[in-house]
Amino acid sequence: MIEKNASEQIEIESMKLVLSGLQKRGLPVPRIVSALMQHFTDLALENVEPVSCYKTAAYYILAYLGLGFGYMEHKSVFDRILYSAGYSDSCIAALQKKNPSIIINRAQIRSLIGKWPASRYNSHTIRDAVDEIFSLCMEQKTGSYKYYTAKKDGSYTALYQLTVDQDYILFQDVYRNRFYNLTHPT
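Conventions and cut-offs
- Residues numbered from 1 in each chain as written.
- Predicted model: local features only at pLDDT ≥ 70, side-chain atom pairs only at ≥ 80, totals over all residues.
- Heavy atoms only, no water.
- Axes fitted to C-alpha atoms, helices over the stretch in contact; angles between N-to-C directions.
- Helix = DSSP H or I, 4+ residues; strand = E, 2+ residues; numbered from the N terminus.
- Left-handed = near helix turned anticlockwise from the far one by under 90°.
- Contact = heavy atoms within 4.5 Å.
- Nonpolar A, V, L, I, M, F, W, Y, C, P; charged D, E, K, R; others polar.
- Pairing = 2+ DSSP bridges.
- pLDDT = per-residue confidence, 0-100.
- Core = buried A, V, L, I, M, F, W, Y, C linked by side-chain atoms within 4.5 Å.
- Buried < 20%, exposed > 50% of the residue type's maximum accessible area, 1.4 Å probe, protein only.
- Parallel < 35°, antiparallel > 145°, perpendicular 65-115°, else oblique.

## Some points on the packing of helix 4 (residues 75–84) against helix 5 (residues 89–96)
Argument step 1. Direction vectors running N to C along helix 4 and helix 5 enclose 150°, while the axes themselves pass 10 Å from each other. In the crossing of helix 4 with helix 5, the sense of the turn from one axis to the other is right-handed. Contact residues: helix 4 offers Lys75, Asp79, Leu82 and Tyr83, while helix 5 offers Asp89, Ile92, Leu95 and Gln96.
Argument step 2. Within the contact of helix 4 with helix 5, the residues separate by chemical class into four nonpolar, one polar and three charged.

Following this line, the structure appears as structure tokens:
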């Protein structure tokens, strides 16, 4: 990966905030990112500081991936922009592996969830959590849903968030900071 200095990291985090704000308003973030990539490419082709344009577009890509979205949906565009911004083949290969796409089925959903100790303080039993996640995904029921295991004192021992939108389904293991794109079987 290309090392980022503090100001670059702040810029990427700011872009993540912008994109997550759009997501919370129900706007289609994947389509917005596609439009941004086209905009920055057009500016670069018009010789409006091409290096700066590609660098800014690359930061948006990193922010987009940091929110859990997948690389492969935009692979050709992302590859071209990242190469133009100076990213190496190995760095791009690592980014392509972020946030893998998982086919929606009960076994796959269960495999994404870690230990789920039996406790009356949990949000659901493991079976109920898997069944609900599966149903919400298959019905494409828009919303954000949380699942957790907890101790007697109320502190979480595991936390998962499912975000269902008309354009995407993301499953996040909050404590491990892992994201998965869930896709319908074909």
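Okay, back to it.
## Some points on the sheet that holds strand 5 (residues 178–183)
Argument step 1. The five strands are arranged 1-5-4-3-2 in an open sheet whose pairing can be described as mixed. Of all strands in the sheet, those with a lone pairing partner are strand 1 (101–103) and strand 2 (143–150), marking the two edges. For this sheet, the mean inter-axis angle between neighbouring strands, taken without regard to orientation, is 25°.
Argument step 2. In the sheet, strand 1 pairs with strand 5 via three bridges, with the strands oriented parallel. Looking at strand 5, one finds that Ile102 is bridged to Leu182.
Argument step 3. Sheet strands touched by helix 7 (residues 126–138): strand 2, strand 3 (156–164), strand 4 (169–173) and strand 5. Its angle to strand 2, the strand with the most contacts, is close to 170°.

## Some words on the confidence of the model for the chain
Argument step 1. Confidence in the prediction of the chain, expressed as mean pLDDT, is 90, and 98% of residues score 70 or more.
Argument step 2. Across the chain, element-level confidence peaks in helix 7 with a mean pLDDT of 97 and bottoms out in strand 1 with 88.

## With respect to the nonpolar core
Soluble globular proteins: nonpolar side chains tend toward being buried together.
Argument step 1. Ranked by size, the top nonpolar core spans 31 residues in total, and within it Leu19, Met37, Tyr64, Leu82 and Tyr87 carry the most contacts.
Argument step 2. Sorting the residues of this core by element identifies helix 1 (6–24), helix 2 (29–45), helix 3 (50–66), helix 4 and helix 5 as the ones contributing at least two each.
Argument step 3. Considering every element that reaches this core, the biggest residue donor is helix 3, with eleven residues.
Argument step 4. Discounting residues that sit within four places of it in the chain, Leu19 has contacts with Val29, Val33, Tyr60, Ala63, Tyr64 and Leu67.
Argument step 5. Listed in part, the 22 residues of the second largest apolar core include Ala129, Leu136, Tyr145 and Ile169.

## Topic: the pairing of strand 5
Note on strand geometry: in a regular strand, side chains alternate between the two faces of the sheet.
Argument step 1. Relative to strand 5, strand 4 runs antiparallel, the two being bridged by four bridges. Counterpart to Gln172 in the pairing with strand 5 is Phe179.
Argument step 2. The hairpin turn running from strand 4 into strand 5, its antiparallel successor, is four residues long, and Asn177 in that turn takes a positive phi close to 55°.

## Some points on the packing of helix 1 against helix 2
The angle between the axes and the distance between the axes are what describe a pair of packed helices.
Argument step 1. For the pair helix 1 and helix 2, interaxial distance at closest approach is 10 Å and the crossing angle is 135°. The pairing of helix 1 with helix 2 is recorded here as oblique in orientation. Seen from helix 1, the contacting residues are Leu19, Leu22 and Gln23; seen from helix 2, they are Val29, Ile32 and Val33.

## Here's the deal with the side chain of Asn181
Argument step 1. With respect to the secondary-structure elements, Asn181 resides in strand 5.
Argument step 2. Discounting residues that sit within four places of it in the chain, Asn181 has contacts with Gly68, Phe69, Gly70, Asn99, Pro100, Ser101, Ile102, Ile169 and Leu170.

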